[in-house]
Each structure stands twice: as C-alpha cells, then as structure tokens.
Amino acid sequence: THWFGGGRDQPAIHSILVDPRDSERVLVGISCAGVFETLDGGATWKPRNAGLRADFLPDPASEVGQDPHIVVWNDADPDVLWQQNHCGVFRSVDGAANWSEVSSPDHDLAYFGFAAAVDPERSDHAWLVPAVSDECRIAINGALHVARTTDGGANWTALRDGLPQEGAWDLTFRHALDIDRDTLAFGTTTGNAYYSDDRGDTWLTLSHHLPPVYVVRLASW
C-alpha cells in the first residue's frame, strides 16, 4: 500500500479526539483504516467502524479499511460523533460503537467532502462543505454551498447566500472549516475564505487572493 501522507486531502492520521471526561479514552480517525479507540491511554486500540461503508473494498463493511475524511464531536457531548467519509456522511450516538449514514438522499446536497463542524453545544447541529466526488474534487455544479443539519442529519439545507454560484471550483480541505458559537469560517484550495456570524445563513468574503487554505481556526478572546 502506498502511503501518501500530508493529511490535506491525502491519507493521514487526521483526527485525534481526547474525551474531556476521561483522558485515557482517545479516538483517532485514520484515512484508509477507520476510527480506532483506546480506553487505556494508548496501550491498546480497537476499531470502531460498525455501520460504515467502504464501497471500494471487496467487503464494504470491513472492520478495517474504512476511509473517514474527518471525525468531529463537541466537548459537551463526546458520545455523539460525526464523520465526513469517502462514501457518505455518518453519525454515531453511542461513542463510535455504531455508525449510521446520514447523507442527503440528494447526494448533490451532502455526501462527499472533507470538512465537518459540529455545534459546540448542540450535537445534532452540523455543517459540511460538500464536493462532487473522489474523481471530481470541486464545488458541486460550480456553485459553492455549505450544508447544514439541525436534526442529526435527517434533513440538510444548502446555505448559499454570499457564496459564489457560478464558476466555483473550490475544495475545502478537512481542517479548513471551523465554528465558534454562531460563527463559522472556511477556506478553499483556490485561495478563497468566507465568514458567517449567523450560523451559515449568510456569508461574507474575507479574501479571494490567498494561497490554498489548509487550516482555518477561530480564536476567541
């Protein structure tokens, strides 16, 4: 197996989540492998991929070989996890023991992509920045949107106000979307950066002239 490294949109150990209730419990997300959990500070690890799907494997339900692109939770409810996955959007409500697909039935709304963010206090509120597919890593139909759910992935809404709706070829890397209370920000491979202070309802342009944006983080003071 060829290991590319890097972690932007290539295979990597990209997500490390330490349980705020118990620092001995850590979950990691690994490209081309899946989610793994330790309960003893890293001495032993177990895969936590039940319910995920890897359509590119001979056995799509294989315990190891899944391909999460990002795994997130909030510290207020670390038993609820989200992941943007190579083969859909998945959510767990039992600490990663089991996963359920919560992609939109219309894959043009929420299915493939890299970045994900979850509300700091409400674990059923999440945001994604979708792309077309593995083979075509650009904004869907040349129109950039952020997908939001407020009911655990049962329904998704496309947030477009203020984002380019023609000729957008952006991809948002896995760490280039962030949230702080009602504020969100994300950046793209084409050097664009956007900001919202109303949970994504409307967006302001921060820049169209950056190099490819790999990471976005909001700082509170």
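Because the structure is a prediction, the values reported are computed rather than measured. (Residues numbered from 1 in each chain as written. Predicted model: local features only at pLDDT ≥ 70, side-chain atom pairs only at ≥ 80, totals over all residues. Heavy atoms only, no water.)

Right, let's talk about the overall build of the chain for a bit. A tally of helices and strands in the chain yields zero helices and 16 strands. Taking 221 residues into account, the globule formula puts the C-alpha radius of gyration at 17 Å, and the chain, at 16 Å, falls close to it. For the chain, with 221 residues in total, the buried portion stands at 53%. In the chain, the proportion of contacts linking residues at least 24 apart, taken out of those at least 6 apart, comes to 47%. If the 15 positive side-chain charges of the chain are averaged to one point and the 32 negative ones to another, these points end up 2 Å apart. (Helix = DSSP H or I, 4+ residues; strand = E, 2+ residues; numbered from the N terminus. Rg over C-alpha atoms; globule rule 2.2 N^0.38 Å. Buried < 20%, exposed > 50% of the residue type's maximum accessible area, 1.4 Å probe, protein only. Contact = heavy atoms within 4.5 Å. Lys, Arg positive; Asp, Glu negative; His and termini not counted. Charge placed at Lys NZ, Arg CZ, Asp CG, Glu CD.)

If you trace the four strands from one edge of the open sheet to the other, you get β5-β6-β7-β8, paired in antiparallel fashion. In this open sheet, the two edge strands, each paired with only one partner strand, are β5 (68-72) and β8 (100-101). Bridge count between strand β7 (residues 88-92) and β8: two bridges; the pairing is antiparallel. Bridge pairing in β8 places arginine 91 opposite serine 100. (Pairing = 2+ DSSP bridges.)

Within the open sheet, the four strands sit side by side as β13-β14-β15-β16. Their pairing is antiparallel. Unpaired on one side and paired on the other, β13 (177-180) and β16 (204-207) mark the two borders of the sheet. Strand-to-strand twist in this sheet, taken as the mean axis angle between neighbours without regard to direction, amounts to 20°. Of the strand pairs in this sheet, strand β15 (residues 193-196) and β16 are connected by three bridges, and their pairing is antiparallel. If you follow tyrosine 195 over to β16, its bridge partner there is leucine 204. (Axes fitted to C-alpha atoms, helices over the stretch in contact; angles between N-to-C directions.)

Here strand β14 (residues 183-187) pairs with β15 via four bridges, running antiparallel. Bridged to glycine 187 within β15 is alanine 193. Between β14 and β15, which pair antiparallel and follow one another directly, the connecting turn spans five residues, one of which, glycine 191, has a positive phi of 80°.

Moving on to the side chain of threonine 172. Along the chain, the position of threonine 172 falls in the loop between β12 (157-159) and β13. Reaching out from threonine 172, the side chain makes a polar contact with the backbone oxygen of glycine 187 at a distance of 3.4 Å. Each residue touching threonine 172, except ones within four places of it in the same chain, is listed here: Phe114, Ala115, Val129, Phe186, Gly187 and Thr188. (Polar contact = N/O pair within 3.5 Å; in protein donor to acceptor, adjacent residues only side chain to side chain.)

This next bit is on the packing of aromatic side chains. Within the structure shown, the criterion is met by five aromatic pairs. An angle of 35° between the planes, with centres 5.5 Å apart, marks the rings of phenylalanine 173 and tyrosine 214 as tilted. With phenylalanine 173 in the loop between β12 and β13 and tyrosine 214 in the segment after β16, this residue pair connects regions lying 41 residues apart in the sequence. Overall, phenylalanine 173 belongs to the buried group, its relative accessible area being 7%. (Phe/Tyr/Trp six-rings, centres within 6.5 Å; stacked < 30°, edge-to-face > 60°.)

Before going further, it helps to examine the side chain of asparagine 49. In this fold, asparagine 49 is placed in the loop between β4 (46-47) and β5. A distance of 2.7 Å separates the side chain of asparagine 49 from the backbone nitrogen of valine 35, its partner in a polar contact. Once you skip the residues sitting within four places of it in the chain, asparagine 49 turns out to touch Ala33, Gly34, Val35, Glu63, Gln66 and Trp99.

One pass over the full model with this rule turns up 13 salt bridges. Between aspartate 55 and arginine 53 there is a salt bridge, and its shortest N-O distance comes to 2.8 Å. Residue classification places arginine 53 among the partly exposed residues on the basis of a relative accessible area of 24%. (Salt bridge = Lys/Arg side-chain N within 4 Å of Asp/Glu carboxyl O.)

What follows covers the nonpolar core. Of all hydrophobic cores here, the largest spans 16 residues; its most connected members are Trp127, Leu144, Val146, Leu163, Leu177, Phe186 and Trp203. For this core, the elements supplying multiple residues, two or more each, are β9 (112-118), β10 (126-131), β13 and β14. Every residue in contact with leucine 163, bar those within four places of it in the chain, is listed here: Leu144, His145, Val146, Phe186, Tyr194 and Trp203. Counting 14 residues, the second-largest nonpolar core is a separate cluster that includes Val89, Leu109, Ala110 and Trp156. (Core = buried A, V, L, I, M, F, W, Y, C linked by side-chain atoms within 4.5 Å.)

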